[in-house]
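Understanding the architecture of this molecule
Each chain, letter by letter, is given below.
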Amino acid sequence: MGSGIERLAVVGAGQMGSGIAQVAAQAGLSVQVADATPELARRAVERLGAALAKGVEKGKLAAAEREAVLGRIRAVDRIEDCAGADLAIEAVVEQEAVKADLFRRLDAVLAPGAILASNTSSISITKLAAGTRRPDRFVGMHFMNPPPVMQLIEVIRGLQTSDETYQAVMALAKRFGKTTVTSKDSPGFIVNRILIPLLNEACFALQEGLASPEDIDTAVKLGLNHPMGPLTLADFIGLDTCLFIAEVLHRELGDDKYRPAPLLRSYVAAGWNGRKSGRGFYTYG
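Residues numbered from 1 in each chain as written. Predicted model: local features only at pLDDT ≥ 70, side-chain atom pairs only at ≥ 80, totals over all residues. Heavy atoms only, no water.

- Where an unreviewed UniProt entry is consulted, the protein chain appears under the name 3-hydroxybutyryl-CoA dehydrogenase, with the organism given as Anaeromyxobacter dehalogenans.

**Examining the side chain of Asn273**
- Take Asn273: it is sitting in the segment after helix H11 (262-269).
- The contacts of Asn273, once residues within four sequence positions are left out, are Asp235, Gly238, Leu239, Asp240, Val268 and Arg279. (Helix = DSSP H or I, 4+ residues; strand = E, 2+ residues; numbered from the N terminus. Contact = heavy atoms within 4.5 Å.)

**Brief notes about the UniProt feature "domain: 3-hydroxyacyl-CoA dehydrogenase C-terminal" (unreviewed entry) in the protein chain**
- Mapped onto the present numbering, the UniProt feature "domain: 3-hydroxyacyl-CoA dehydrogenase C-terminal" (unreviewed entry) falls on residues 188-284.
- The span residues 188-284 carries 61% helix and 0% strand; its end-to-end C-alpha distance comes to 28 Å. (UniProt positions renumbered as here; feature names shortened; annotations may be inferred.)

**A few points about the UniProt feature "binding site: NAD(+)" (unreviewed entry) in the protein chain**
- Mapped onto this structure's residue numbering, the UniProt feature "binding site: NAD(+)" (unreviewed entry) falls at Gly12, Ala13, Gly14, Gln15, Met16, Gly17, Asp35, Glu94, Lys99, Ser121, Asn145 and Lys276. For this annotated set, covering 265 residues, the C-alpha atoms extend up to 22.6 Å from each other, a dispersed arrangement in space. Those annotated residues lining the largest pocket are, specifically, Gly12, Ala13, Gly14, Gln15, Met16, Gly17, Asp35, Glu94, Lys99, Ser121, Asn145 and Lys276.
- Here Gly12 is to be found in the loop between strand S1 (7-11) and helix H1 (15-26).
- For Gly12, a relative accessible area of 4% gives the class buried.
- Contact partners of Gly12, with chain neighbours within four places excluded, come to Gly17, Ser18, Ala34, Asp35, Ala91 and Val92.
- With respect to the helices, strands and loops of the structure, Ser121 is situated in the loop between strand S5 (115-118) and helix H5 (125-130).
- Taking relative accessible area as the criterion, Ser121 reaches 11% and is therefore assigned buried.
- In this structure Ser121 touches Glu94, His142, Gly188, Phe189, Asn192 and Ile245, once residues within four positions along its chain are discounted. (1 Å grid on protein atoms, 1.4 Å probe; cavity = no way out; pocket = protein on both sides within 12 Å on 5 of 7 lines; lining within 4 Å. Buried < 20%, exposed > 50% of the residue type's maximum accessible area, 1.4 Å probe, protein only.)

**Comments concerning helix H3 (residues 63-71)**
- The set of residues buried in H3 consists of Arg66, Val69 and Leu70. Angular distribution of buried residues about the axis of H3 spans 95°; they occupy a single face of the element. Along H3, exposed side chains directed more than 90 degrees from the buried face belong to Ala64 and Gly71.
- Where H3 is buried, its residues touch H1, helix H2 (38-57) and strand S3 (73-75). (Arc of directions from axis to C-beta.)

**Looking at the layout of surface pockets**
- Empty space within the largest pocket amounts to approximately 1,400 Å³.
- Forming the walls of the largest pocket are 46 residues, and the residues nearest its centre are Met16, Asn145, Phe236, Ile237 and Thr241.
- Of all the elements in the fold, those that place two or more residues in the lining of the largest pocket are H1, strand S6 (138-143), helix H7 (191-207), helix H9 (230-237) and helix H10 (239-253).
- The leading source of residues in the lining of the largest pocket is H7, at seven residues. (Points joined across faces, edges and corners; volume = space filled by probe spheres on them.)

**As for helix H6 (residues 163-175)**
- In this model, H6 (13 residues) spans 18 Å end to end at C-alpha, consistent with the 18 Å of a helix rising 1.5 Å per residue.
- Regarding H6, the residues found buried are Thr165, Tyr166, Ala168, Val169, Met170, Ala171, Leu172 and Ala173.
- In this structure, the buried residues of H6 make contact with strand S4 (87-90), S5, S6, strand S7 (152-157) and strand S8 (179-184).
- Of the residues flanking the end of H6, it is Gly177, one or two places downstream, whose phi is positive at about 80°. (Expected span 1.5 Å × (residues − 1).)

**A closer look at the sheet that holds S4**
- Here eight strands make up an open sheet; going across it, the order is S3-S2-S1-S4-S5-S6-S7-S8 and the pairing mixed. Lying at the two open borders of the sheet, with one neighbouring strand each, are S3 and S8. Here the strands of the sheet are splayed against their neighbours by 25° on average, with no regard to which way each runs.
- Each of S1, S4, S5 and S6 touches helix H4 (residues 96-109); the most contacted strand, S5, lies at about 165° to it. (Pairing = 2+ DSSP bridges. Axes fitted to C-alpha atoms, helices over the stretch in contact; angles between N-to-C directions.)

The structure is reproduced here in structure tokens:
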């Protein structure tokens, strides 16, 4: 069964959004990229062009394929310009109010049969869906970072998500060449439900002076066969994002085992958010 989805709108042109746009365009879809300002959307498409050019240089992509992929991606000026999309996926900041407002706007402009999807890593799909007039055509599609490289998409069914919507999104993910897992709509879904407590425990271990950051990371990398140590990974994700998800897990699941480590709170309060701010558990040049 085909997904019936040929035109995709991606709202939010950051690292995740532009990566999702690349994945969709490489799978042959027509993609529109929108952001808070037209300038941000245009810059995202330019960055994408540069990333694809690197792929050509390394011999991973033919020059003609780069041109074809870029030809399928267009930056648009306004959310309203996404009206023709079969599916709109949101990849904006991880704040419920911002996402809810964006979905109200998309709901108003998209055709009645179009699907709304969120790339949220922790916010309730059921709750976001309830704020629209198409809760049955609302779903979670959580891509891993960076989307062109990472193989997984977590598909999250809200209470209201219809079988038809679910099947269409599963078919689309298959067309993207991705592997899917299906999660119920529970805080953190599968990946972050397991990952964030692991990263948080590494913060507690460091806070207690159990070992140096380097030794904690080496122990997990080599002892558990992880590609990256937990503190390095937390720096890569962003300590502010890790703390936000930890707070969601703690609040929504109500179990003390999810409480964020005081050290994590301190680092975020200091503005030491990891790689993007130049300092986290490690210092970045």
